[in-house]
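Listed below are the residues making up each chain.
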Amino acid sequence: MSVLVLAENPKGKFKKSAFEVTHYGHLAAQSLGTDCIALVIGDVDNPAQLGTYGASKVIQVAHTGGFDSKVYSTIIAEVAKATGSDVVVVNHSANGKAVMGGVAVKLDAGIVSQVNAVPTQDGGALKVTKPVFSGKAFAEFSVSSANKVISLMGNAIPLAAVGSDCAVESMSVDAPAAGVSIKEVKTVDGTVPLPEAELVVSAGRGMKGPENWGIIEDLADTLGATTACSRPVADTGWRPHHEHVGQTGVAIRPNLYIAAGISGAIQHLAGVNSSKCIVVINKDPEAPFFKAADYGVCADLFDVVPRLNEAFKKALAE
Ligand SMILES: Cc1cc2nc3c(=O)[nH]c(=O)nc-3n(C[C@H](O)[C@H](O)[C@H](O)COP(=O)(O)OP(=O)(O)OC[C@H]3O[C@@H](n4cnc5c(N)ncnc54)[C@H](O)[C@@H]3O)c2cc1C
């Protein structure tokens with residue numbers, strides 16, 4: 001029995017989410033009285049560094065040709081069987097979501113997505129917590145199957161270094177041929193991806209048009225934050241779709257979420273209300289977002305956002 005985590009390594013490098021899932025696996029393993037094994041698929045710089053976040057060892061499976069859910073789910077399930085891992089943890093990322101169902105079928109496992117706390121043992125079952133009802137409540141699930149597959153929400157646990165480089169073992173897996181051929185990859189460079197961002201500055205239809213986004217980008221630049229938006233803003237092409245957060249967009253959990261000119265519809269809140277601190281700027285005192293806010297500024301965003309930016313610049317320069 002052990003906990004197996006998938007450490008994603010796009011472009012041959014680990015992202016923060018790989019360290020998070022490893023550390024979560026370590027904490028889960030501690031809680032279950034076992035050890036955490038990290039799985040790396042394909043080449044990556046310095047796989048041994050996962051030991052720093054609690055992996056007892058890394059299993060590396062050679063693979064070329066990019067992500068394919070059929071190939072990845074087979075590799076994960078085979079490595080879980082070979083290592084006797086009965087708990088498999090993936091990030092709640094696009095790739096994690098794409099593989100977890102396939103892994104669960106292959107291992108005949110119970111499955112819980114978007115887990116946000118370290119699991120505990122409940123008799124023979126695994127007890128996990130996840131947000132429900134669009135993030136308005138938390139529910140506990142007991143998974144009683146012999147094998148379990150869970151996905152971890154981003155920023156759910158604080159990252160901590162608990163060890164040092166660990167051993168890396170190669171394993172070969174007889175995986176099926178890829179069912180997908182990748183023709184083009186478009187990535188956004190230069191900013192922290194939204195699911196991993198600790199600081200997010202977001203705006204909605206209150207911005208009136210795409211030409212006004214400079215004040216949002218300036219504030220994000222000052223804070224080193226990632227920009228986001230509401231769905232209608234992305235739908236009308238004011239901002240790119242990868243910035244859309246909410247029920248049908250990216251679900252985020254930053255330490256700070258600043259929302260300017262966003263009403264706070266339930267579908268928007270579903271993706272953002274696990275943020276640790278929410279600051280709402282809206283000129284309508286009845287805007288529903290104020291009910292979910294830690295701090296609210298009831299005023300014109302075109303007045304408040306530049307002044308907030310100047311105040312942050314001054315504070316950061318001190
Ligand atoms: C099935 C479904 C799924 C959906 N999924 C999502 C989703 O994932 N994400 C999402 O965001 N939405 C989603 N929506 C849409 C959602 O219901 C709302 O329509 C949307 O979030 C509203 O976007 P908004 O707040 O930017 O715009 P609006 O509702 O138009 O709100 C604009 C706000 O800006 C304020 N404002 C205007 N001018 C100023 C100013 N000068 N200064 C300060 N404040 C100002 C207004 O008071 C208002 O509160 C979904 C809807 C459906 C039906």
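Residues numbered from 1 in each chain as written. Predicted model: local features only at pLDDT ≥ 70, side-chain atom pairs only at ≥ 80, totals over all residues.

Novice: In this structure, what is going on with the sheet that holds strand E6 (residues 120–122)? I would like to understand it.
Specialist: Sheets are built from strands that pair by backbone hydrogen bonding, the pairs being arranged parallel or antiparallel. Pairing is antiparallel in the open sheet, where three strands are placed in the order E6-E7-E8. The open sheet has two edge strands, E6 and strand E8 (137–143), and neither has a second partner. Across the sheet, the mean angle separating the axes of adjacent strands is 45° when strand polarity is ignored. Examined bridge by bridge, E6 and strand E7 (residues 125–132) share three bridges and lie antiparallel to one another. Paired with Asp-122 across the bridge in E7 is Ala-125. (Pairing = 2+ DSSP bridges. Helix = DSSP H or I, 4+ residues; strand = E, 2+ residues; numbered from the N terminus. Axes fitted to C-alpha atoms, helices over the stretch in contact; angles between N-to-C directions.)

Novice: Sorry if this is basic, but what is going on with the packing of helix H4 (residues 214–223) against helix H8 (residues 301–317) here?
Specialist: A pair of packed helices is captured by two measures, namely the crossing angle of their axes and the spacing between those axes. Axis separation between H4 and H8 bottoms out at 9 Å; the angle between their running directions is 15°. One element, H4, and the other, H8, form an angle in the roughly parallel class. Crossing of H4 against H8: the hand is left-handed. Here Ile-215, Ile-216, Asp-218, Leu-219, Thr-222 and Leu-223 of H4 lie close against H8, whose contacting residues are Val-305, Pro-306, Leu-308, Asn-309, Phe-312, Lys-313 and Leu-316. (Parallel < 35°, antiparallel > 145°, perpendicular 65-115°, else oblique. Left-handed = near helix turned anticlockwise from the far one by under 90°. Contact = placed C-beta atoms within 7 Å.)

Novice: For this particular structure, what's the right way to read unusual backbone geometry?
Specialist: A negative phi holds for most residues other than glycine; trans holds for most peptide bonds. Positive phi, normally seen in glycine, also occurs at Lys-11, with a value near 55°. Residue position: Lys-11 is located in the loop between strand E1 (2–6) and helix H1 (16–32). Classification of Lys-11 by C-beta neighbours within 10 Å gives exposed; the count is 11. In this model, Gln-114 sits at a positive phi of 60°, which is unusual for a non-glycine residue. A tally of 21 C-beta atoms within 10 Å means that Gln-114 is categorised as buried. (Buried ≥ 20, exposed ≤ 12 C-beta atoms within 10 Å, placed from the backbone.)

Novice: Whenever I open this one, the site of the ligand confuses me. Can you help?
Specialist: Close to the ligand lie 26 residues; Gly-204, Gly-206, Ser-230, Arg-231 and Gly-246 are nearest. Breaking the shell around the ligand down by element, the ones donating at least two residues are helix H5 (231–235), helix H6 (266–272) and H8. Class assignment for the residues of the shell around the ligand results in eight nonpolar, 13 polar and five charged. (Near = placed C-beta within 6 Å. Nonpolar A, V, L, I, M, F, W, Y, C, P; charged D, E, K, R; others polar.)

Novice: Teacher, can you tell me more about the domain arrangement of the chain here?
Specialist: When the domains of the chain are assigned, the result is domain 1 (2–171) and domain 2 (194–317). On a C-alpha basis, the centroid separation for the pair domain 1 and domain 2 is 31 Å. Contacts between the two partners involve eleven residues from domain 1 and, on the opposite side, eleven residues from domain 2. (Domains from an automatic or database assignment.)

Novice: Which parts of the structure should I look at to understand the sheet that holds strand E11 (residues 199–203)?
Specialist: Taken in spatial order, the five strands line up as E12-E11-E13-E14-E15 in an open sheet, and their pairing is parallel. The strands lining the two open edges of the sheet, one partner per strand, are strand E12 (226–229) and strand E15 (295–297). Sheet twist, expressed as the mean angle between neighbouring strand axes with direction ignored, is 20°. Across four bridges, E11 lies against E12 in parallel orientation. Opposite Ala-203, over in E12, you have Cys-229 as the bridge partner. Against the sheet, H4 touches E11, E12 and strand E13 (256–260), its axis set at about 175° to E11. Against the sheet, H8 engages E13, strand E14 (277–281) and E15, with an angle of about 135° to E14.

Novice: Explain the pairing of E11 here, please?
Specialist: The side chains of a regular strand alternate between both faces of the sheet. The buried fraction of E11 is high, at four of five residues. Relative to E13, E11 runs parallel, the two sharing five bridges. Within E13, the residue paired with Val-201 across the bridge is Ile-258. Each parallel crossover has a hand, and the one from E11 via H4 to E12 is right-handed. (Right-handed = clockwise from strand over helix to strand, strands pointing away.)

Novice: What is the right way to read the environment of Phe-138 from this model?
Specialist: Relative to the helices and strands, Phe-138 is located in strand E8. With 13 C-beta atoms counted inside 10 Å, the residue Phe-138 sits in the partly exposed group. Between the alpha carbons of Phe-138 and Thr-22 there is a distance of 23 Å; along the sequence they are 116 residues apart. Once residues within four sequence positions are removed from consideration, Phe-138 is found in contact with Thr-129, Lys-130, Pro-131 and Val-132.

Novice: What should I look at first to understand the packing of helix H2 (residues 69–83) against helix H3 (residues 94–107) in this one?
Specialist: The contact between H2 and H3 brings their axes to 8 Å, and the two run at 45°. Between H2 and H3, the interaxial angle falls into the category oblique. Of the two elements, H2 crosses H3, and the hand of that crossing is right-handed. On H3, the residues touching Ser-69, Lys-70, Tyr-72, Ser-73, Thr-74, Ile-76, Ala-77 and Ala-80 of H2 are Ala-98, Val-99, Gly-102, Val-103, Lys-106 and Leu-107.

Novice: Mind showing me how you'd approach the nonpolar core here?
Specialist: When a protein is soluble and globular, its nonpolar side chains tend to lie buried together. Ranked by internal contacts, the top residues of the largest apolar core, which has 55 residues, are Val-5, Ala-7, Ala-38, Leu-39, Ile-76 and Val-89. The contact partners of Val-89, leaving out residues within four places of it in the chain, are Val-3, Val-5, Val-21, Tyr-24, Gly-25, Ala-28, Ile-150 and Leu-152. Counting 38 residues, the second-largest nonpolar core is a separate cluster that includes Ala-197, Leu-269, Ala-270 and Val-272. (Core = buried A, V, L, I, M, F, W, Y, C linked by C-beta atoms within 7 Å.)

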